[in-house]
Amino acid sequence: MPTLRRLSKSKLVDVNDTLIQATVKIDDGCDWTAWNAWKMREKYRMRTGIYEPEPARPRVAPVKIEPIKKPRKRGYRVVQKAIGAV
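Residues numbered from 1 in each chain as written. Predicted model: local features only at pLDDT ≥ 70, side-chain atom pairs only at ≥ 80, totals over all residues. Heavy atoms only, no water.

Colleague: Before we go on, may I ask you to explain the environment of P53 in this structure?
Modeller: Note that P53 resides in the loop between α3 (42-48) and β4 (64-67). What makes P53 exposed here is its relative accessible area of 56%. (Helix = DSSP H or I, 4+ residues; strand = E, 2+ residues; numbered from the N terminus. Buried < 20%, exposed > 50% of the residue type's maximum accessible area, 1.4 Å probe, protein only.)

Right, here's the structure in full:
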């Protein structure tokens, strides 16, 4: 099922689409530190048979969807001039 998020006033996007994930950076605004520490001990809990429910990931900031900034490609002539070939 698609998860739709508002990209701008008139555009909705499916955030699970691979093309969208390649062009925008999605920040859910949650604090994942307790969950990451819980996840690191996953194999230990499996070996010892301990069950701990996963901790909550509280929202600490609003959701942000930002475009990924790609580096500017330098022209051929600029590179040649830099190495002294032109």
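Colleague: Looking at this structure, I do not really get the pattern of salt bridges. What am I missing?
Modeller: Charged atoms that come close allow side chains of opposite charge to pair. Under the counting rule described, the total for this entry stands at three salt bridges. For K39, the salt bridge goes to E42, with nearest N and O atoms at 3.2 Å. The class for K39 is partly exposed, based on a relative accessible area of 34%. For E42, a relative accessible area of 31% gives the class partly exposed. The salt bridge partner of E54 is R57, with a shortest N-O separation of 2.9 Å. (Salt bridge = Lys/Arg side-chain N within 4 Å of Asp/Glu carboxyl O.)

Colleague: Honestly, the side chain of R45 in this entry has me stumped. Any pointers?
Modeller: Examined against the element boundaries, R45 turns out to sit in helix α3. We note that R45 is buried and unpaired, the nearest opposite charge coming from E52 at a distance of 4.1 Å. Looking at R45, its side chain comes within polar contact range of the main-chain oxygen of W38, at 2.8 Å. Those residues in contact with R45, other than ones at most four positions away along the chain, are W38, I50 and E52. (Lys, Arg positive; Asp, Glu negative; His and termini not counted. Polar contact = N/O pair within 3.5 Å; in protein donor to acceptor, adjacent residues only side chain to side chain. Contact = heavy atoms within 4.5 Å.)

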